[in-house]
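Listed here are the chains, written in short residue letters.
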Amino acid sequence: MSLQSIIHLSLDSPEHAVCVLGTEICLDLSGCAPQKCKSFTISVSPRVLVDIHNTAPVTTREEAAATRWSLSEPMDVMVKMTSPSPAVDGDKVLVSYYQPDAEAPVATAELYLTGIVVSLDVDIYRSGQVEMASDKQAKKNWVWGPSGWGAILLVNCSPTDMSQLVDKKTTKVLFSEEIKNLSQMTVNVQGPSCLLKNHRLLLYTSEEESEKTRVYRPQGDDSSTFELVLGPGRNTYTFAPLKSHLKETFYVEAVEFPSADFSGLISYSVSLVEESQDPLIPETLVHKDTVAFRVAPCIFTPSTQMPLEVYLCRELQVQGFVNTVMELSEKSKSQVASVYEDPSRLGRWLQDEMAFCYTQAPHKTISLVLDTPRVLKLEDFPMKYSLSPGVGYMMQCTKDHRVASLDSIGNLMVSPPVKVEGKEYPLGRILIGSSFYPSKECRDMSKALRDFLCAQQVQAPVELFSDWLMDGHVDEFMCFIPTQDKSEGEKGFRLLLASPSACYKLFREKQKEGYGDMPLFEEVREDQLLSNGREANTINQLLADENLRKQNNYVEKCVNLNRDILKRELGLVEQDIVDIPQLFCLEQLTNVPSSQHTEKLYARPYFPNLLQVMVMGKNLGIPKPFGPQIKGICCLEVKICQLLEPLGFKCTFIHDFDCYMTEIGDFCACANIRRVPFAFKWWRMVP
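Everything numeric here is computed off the predicted structure, so don't read it as measured data.

Engineer: Looking at this structure, I do not really get the nonpolar core. What am I missing?
Structural biologist: Note that soluble globular proteins tend to have their nonpolar side chains buried in a common cluster. Core analysis: the biggest nonpolar cluster contains 70 residues, and Phe477, Met478, Phe507 and Leu644 have the highest contact counts within it. Looking at this core, the element that brings in the most residues is helix H11 (residues 546–570), giving seven residues. Residues contacting leucine 644, with those up to four places away along its chain left out, are Ile481, Leu496, Val578, Leu620, Ile622, Phe649 and Cys651. Ranked by size, the runner-up nonpolar core spans 55 residues in total, among them Ile116, Val187, Val215 and Ala254.

So, in structure tokens, the structure goes:
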């Protein structure tokens, strides 16, 4: 904004004005026009441009040296500068007034201009470079979409900075890689030094927004030490007195992702203030320039994205799982990182309480792990010491700290990109588990975590019913796998859904073929079966178990409810879905504190869950189900291969009964996969 938006010309004495590049000054020509004058001419210095609206040139019998314009109402005459003036009053506008048919002007009004530059510039066009905006007003706004504009801030996710985000130190040492994570913001002031020395320059934001971000300036040309100029408790920075031209680059970072209480939008302004020489007259604002940033969202990746790195928490008693994961990682050319044990956490904490995601700006993409610990207090964060260089760490507090809580990031899955009734979701949609209705024993993701996911805006969440599961997580009954078929009608992926009816159908077929006496769990030791509450029942016994059949009928209804939601919200059809044979049984929560026991029964996989697939591109790590052996081969494994191998997948069955049947809350080997970010840039979408 510029407060000098209109200048009233005078015939008594010249007018003087400061014109900031990128702004226009409206001239009032009519107010001082002599009586009987009907036209005017206007001449300007080379650095001044004139734009005249709502009037027309006057036709004369002889061609005039300058175009005469009609004095009419309303009339807009706008002037602007193309470059700063070398001196005060270094540019001029002359307006001459004419009576009808007169060749010489009756009077002339003079305006002396001093052109200056006051600009706050960012990467407004999202090219990775700071650029001066062609439209100063546009950079105050942030616009989504392929034709949008507005700069982007990255959140500081560095594990080493976790404890420093709340301190108020005035200096910080930044290494070259850390500097690359920061967004640049440049202040540029140009003009005659004798004018600038009477002005004050301020950089500022609101008090609330200063708590969300940090702005640094280098202390020296080659120094790695940076001064914190805006941040907690400091929302205004006053520059040293202006003596000459100024061009200074600042470095900006965010310290938190968008949330229910924070839209993610941050504005910074620079103001040039003219100091008054009279103590009775206040200082005057000459110009204010504002830019808008949006904090980049936290983006989750689906299992259809290629793996980059596998994080593995090892337990010696489940070495089969560990060895197979290592082999799959080698086949998919992804690295394996070992995770430190965390004695304060229980169960498959690495996959139940954490999710790998990324955040992105035009100049940098950062992978990070989002941690939602279910314990009340952690003395330390062992996971952050296991992360590869450049991988960030952020923690999101949860409300429900029960062992079987749904209030964790593990209760989340992301779909591949989909199109639903003309609406595109180029980064997929977040799928979260829920109870769907209130009850005494219901479990839900907390509103805080749910609101956090919604606030990211780019992966519109979908709610699924998962409270019927013992773990309560959506990955217990579904999984996405990538396919290469991109032909019309094909989406490039398949959804795998648990299907008790498909399992019963398979067992009935084997019974008819004469294999009804073949038992499950033939390769599992008796002590393993006993500790996990299982028996080596035969196909005949399973098919005759009416209670188990009723339990799986209930499970089938729960899965089908979600099936309908997924088809509607992801635009799926039946050919996009593969039914995976899987049985469940209903049990009470066990191995949890007595205060967390409930009367409600929850579904738990009857044999290792075939839906808990480690998707490594075309290589699938699938829990070995230990199903009935038909001619020495597990019939469940054969069925899975028949379903998935025609789609181009290589199925590897992970031989580790204890790993997949461990009761909730027990220590267990677990893994989590960091994947390749989407090629699509989030700012090009329209939420």
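Engineer: Would you mind going over unusual backbone geometry with me for this structure?
Structural biologist: Backbone phi values are negative for most residues with the exception of glycine, while trans is the configuration of most peptide bonds. The residue arginine 126 is not glycine, and still its phi comes out positive at about 55°. Positionally, arginine 126 belongs in the loop between strand E9 (107–121) and strand E10 (151–153). Since its relative accessible area comes to 10%, arginine 126 is described here as buried. Its identity is not glycine, yet phenylalanine 521 carries a phi of approximately 60°, on the positive side. When its relative accessible area of 1% is taken as the criterion, phenylalanine 521 is described as buried.

Engineer: Could you clarify how one ought to interpret a nonpolar patch on the surface in this entry?
Structural biologist: A grouping of Met306, Leu308 and Val676 is seen on the molecular surface, where their side chains present a nonpolar patch of about 220 Å² in accessible area. Relative to the assigned elements, leucine 308 resides in strand E21 (residues 307–313). The class for leucine 308 is partly exposed, based on a relative accessible area of 34%.

Engineer: Hey, could you run me through the sheet that holds strand E31 (residues 478–482) in this one?
Structural biologist: One key point about sheets: their strands pair by backbone hydrogen bonds, in either a parallel or an antiparallel sense. One open sheet accounts for three strands, arranged E31-E32-E33; its pairing is mixed. Either end of the sheet is taken by a strand with one partner, and the two such strands are E31 and strand E33 (577–581). Across this sheet, the average inter-strand angle for adjacent strands is 30°, counted without regard to direction. Of the strands in this sheet, strand E32 (493–499) and E33 are in contact with helix H8 (residues 500–512), which crosses E32 at around 70°. Packed on one face of the sheet, helix H12 (residues 635–644) meets E31, E32 and E33 and runs near 170° to E33.

What counts and how
Residues numbered from 1 in each chain as written. Predicted model: local features only at pLDDT ≥ 70, side-chain atom pairs only at ≥ 80, totals over all residues. Heavy atoms only, no water. Core = buried A, V, L, I, M, F, W, Y, C linked by side-chain atoms within 4.5 Å. Buried < 20%, exposed > 50% of the residue type's maximum accessible area, 1.4 Å probe, protein only. Helix = DSSP H or I, 4+ residues; strand = E, 2+ residues; numbered from the N terminus. Contact = heavy atoms within 4.5 Å. Patch = residues over 30% accessible without salt bridge, like charges linked within 9 Å, V, L, I, M, F, W, Y side chains within 5 Å. Areas by Shrake-Rupley, 256 points an atom, 1.4 Å probe, with all protein chains shown as cover. Salt bridge = Lys/Arg side-chain N within 4 Å of Asp/Glu carboxyl O. Pairing = 2+ DSSP bridges. Axes fitted to C-alpha atoms, helices over the stretch in contact; angles between N-to-C directions.

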